[in-house]
Amino acid sequence: MSSLIVRKAAVLGAGVMGAQIAAHLANADVPVVLFDLAAKEGDPNAIVRKAIDGLKKQSPAPLMSKDRAQYIDAANYDQHLPLLGECDLVIEAIAEKMEWKEDLYRKIAPHLKPGAIVASNTSGLSINHLAQHLPAALRPDFCGVHFFNPPRYMSLVEIIATTDSDGAMLDRLETWLTTRLGKGVVRAKDTPNFVANRVGVFSMLAVMFHTTRLGLGCDEVDALTGPKIGRPKSATFRTADVVGLDTLDHVVKTMRDTLPGDPWHSHFNSPQWLLGLIGKGALGQKTKAGIFTKVGKDIHVFDPAAGDYRPSTGIVAPEVADILKIKHPAERLNALRAHAHPQAQLLWCSFRDVFHYCAYHLADIADNARDVDFAMRWGFGWNQGPFETWQAAGWKAVAEAIKEDIAAGKTMSAAPLPAWVFTREGVHEAAGSWSAAAQTLKPRSDLPVYRRQRYPERVLGEAADAAGTTVWENEGVRLWTHPQDAGIAIVSVRSKMHALGAAVVDGLLTAVAKAEAEFDGLVLWHEAPFAVGANLQEVLEACQAGRFDELEAMVAKFQRASMAFKHAQIPTVAAVQGMALGGGCEFAMHASHRVLALESYIGLVEAGVGLIPAGGGCKEFVLNAAEIAKRQTGGEPFNAIQSAFQTIAYAKTSGSGQEARDLGFAKASDDLVFHPGELLHVALCRARALAEAGYRPPLRARNVAVAGRNGVATLEMMLVNLKEGGFISAHDYRVGRAAAVALCGGEVETGTLVDDEWLLQVERKEFVALLKTAETQARIQHTLETGKPLRN
């Protein structure tokens, strides 16, 4: 299969979704032309320019770094349609008005590049209907690609084929979306709202229906339907606010208008109280008022019975909380069904009605049950999809319970469960997932791109992937190999949140030694987070016992481990996803090479607990500054030192893998991977490539000219100004000065030549001195108890 090549793309529509899709394309190194209507006055591209400027201010950030906005060109339909002739991919993302889309398709058709893929980001309109408004010759290259908001962060993209879509084109597009944009792709059928919105919006309607029926509050229901049942913190009603109440009502209206024969059709209506909020302009998060609103510092919730807002409490009844703590899924669901409390009944009835709906419509909306479950995981953030939840709770028992409730008239629809439900023990097996349309199990896609995912995300009941061969292990780490390249060792940290305690550091030292002796390379990889830093509990206990000599020895061993990683005789590759903080960041910095997931949040955050980096992080910034100075005629390392000082003193953390490069935690030559499932594959390939290229480790640093006392004095002036301005405390000043001393190579004459061992000794000395202070110990204890920093 030939690869899809996208040298340039166009996005039609600079609204919320269009602009963010353009941003994510720019993240992926694809130049974009972003179109919208010409402004009636002034700059014809004013609408698009405003949208591009807005991308730089949004949170969460659509752009992986603000400079990515320069790769988005502004255009309008009146002047710039010929630019479409340069684009290999055109994504339409205008408002959900069929007539508007039809008119736009007629306008763009003459300007499209031959062979370009044209795709609609519609959230639920008929793709086949839209295709009819393109010339017949263009229809094989047309389909739906439905992104979820926000596109950078939500994994799901639904591909919807038309009857004319070329199969090879769809395969190339799925491959490209997966590896280039990092998406989880589900092939949806061309039915209203496709898969995720069809199920997700029905689930919200079911919860709203039972909320009203049982007389519960919206805040109470959100406390029930969020993390306690494996759903996002936004739960049900806050999700509605985030989506926009008007947008939600539009999606519900699409279901009502396009699914007249659906047995649940009578429930395809937004509640009257929600329509009332829309009528008042209270549309949710975008208008700062919806179902929830902020009054001063307090959150208030709309009370439909009172017709007004009240303070939000959202308390789960103790007896229901106890049920939700039951670990066994079958026991938990049975207990909810049996309990009379309205909260328990809301959960049972909501689960039941979603199971019922999904089983009834599986044949119509999706190729198989796996696609439904992944759609809900990736598009709505559920920990498990509806079929997985059902299967985990005991397929046959739950099916009988649903059947009983249907017969008793308790369900939202009297439609019977499909006959296939009662012939099976579940929908997911080692051989595949059930296709109601084909009445058989369907295996996963065999597209080559999925071979890049060494440990792909699995649904409940699927065959587990081989765990690899263990070479050596201790309490802290496991050294192992993957069958596809047994010559490269993998070391994985086992501790909670991958904190770097004594057992982990000992294990990493042994792992490096064994890898040097027996393998061609070493990869440090495990599931996110990469590492949250040192084990602060161990550190605090040693401080409280006055074991400071032991602490200094611990720091020295940590430094030896990071240096072993850097100077190993084989290539070492750090595969980073999620948080890599403190010591985790330092280990990544010392690797021969880094493979970073796009969503990598990397930083030296020790200042937050009254410390400075002492695992070699300060030393690495000093060496990098010296290298920069060498490359410049008459170079002065202090500018780079000053930047590093601000990074450390302010505990800056990258918002992406790209920002990690910008902050100096990674190098421009390091790899940036958009699909986290490909991280291990790329890391193993990179380690193998380095080994095959005759890898040689860097020499230990010597004759490094440091900024010394003059550098410390200059940085200290910044601290003086901040302290006098009331921006930092006396202890913040002390921590900042310790960082200055470490980054300037100690209190020595400016220009003194030192080696890396000297730099390590300086940062270690400053680190231990801070540990001896009551203020730093208080900060560590406060962080352990609350998870928040203490300013003292």
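Coordinates for the structure precede this section.
These remarks concern the structure in this document. (Residues numbered from 1 in each chain as written. Predicted model: local features only at pLDDT ≥ 70, side-chain atom pairs only at ≥ 80, totals over all residues. Heavy atoms only, no water.)

1. Thoughts on the pairing of strand 6 (residues 142-147)
Point 1. Within strand 6, 6 of the 6 residues are buried, which leaves the element mostly enclosed by the surrounding structure.
Point 2. Here strand 6 shows no split at all, with Phe142, Gly144 and His146 on one side and Cys143, Val145 and Phe147 on the other all buried.
Point 3. Pairing analysis gives 3 bridges linking strand 5 (residues 117-120) to strand 6, with the strands arranged parallel. For Val118, the partnering residue across the bridge sits in strand 6 and is Phe142.
Point 4. The sheet contact formed by strand 6 and strand 7 (residues 156-160) spans 4 bridges and is antiparallel. What sits directly across from Val145, in strand 7, is Ile159. (Buried < 20%, exposed > 50% of the residue type's maximum accessible area, 1.4 Å probe, protein only. Helix = DSSP H or I, 4+ residues; strand = E, 2+ residues; numbered from the N terminus. Pairing = 2+ DSSP bridges.)

2. Considering the environment of Leu277
Point 1. Mapping Leu277 onto the fold places it in helix 10 (residues 272-279).
Point 2. By relative accessible area, Leu277 is classed as buried at 3%.
Point 3. Each C-alpha atom of the pair Leu277 and Asp29 lies 41 Å from the other, and the pair is 248 residues apart in sequence.
Point 4. Residues contacting Leu277, with those up to four places away along its chain left out, are Leu245, Ala282, Gly290, Ile291, Phe302 and Tyr309. (Contact = heavy atoms within 4.5 Å.)

3. A few points about the side chain of Ser413
Point 1. Mapped onto the elements, Ser413 comes out in the loop between helix 16 (395-407) and strand 12 (428-429).
Point 2. Relative accessible area serves as the criterion here: at 6%, Ser413 is assigned to the buried category.
Point 3. Among the polar contacts listed, one links the side chain of Ser413 to the backbone nitrogen of Ala415, at a separation of 3.1 Å. (Polar contact = N/O pair within 3.5 Å; in protein donor to acceptor, adjacent residues only side chain to side chain.)

4. Thoughts on the pattern of salt bridges
Point 1. One pass over the full model with this rule turns up 46 salt bridges.
Point 2. In this structure, Arg424 and Glu429 form a salt bridge, with 2.6 Å as the shortest nitrogen-oxygen distance.
Point 3. Overall, Arg424 belongs to the buried group, its relative accessible area being 11%.
Point 4. Where Glu757 meets Arg700, a salt bridge forms, and the shortest distance between an N and an O atom there is 3.3 Å. Of this pair, Glu757 sits in helix 27 (residues 756-771) while Arg700 sits in the loop between helix 24 (679-692) and strand 22 (704-705), placing them 57 residues apart in sequence.
Point 5. Residue class for Arg700 comes out partly exposed when judged on its relative accessible area of 41%.
Point 6. Members of the salt-bridge network, linked through shared partners, are Arg337, Arg352, Asp353, Glu404 and Asp405. (Salt bridge = Lys/Arg side-chain N within 4 Å of Asp/Glu carboxyl O.)

What is shown is where atoms sit, not what they do.
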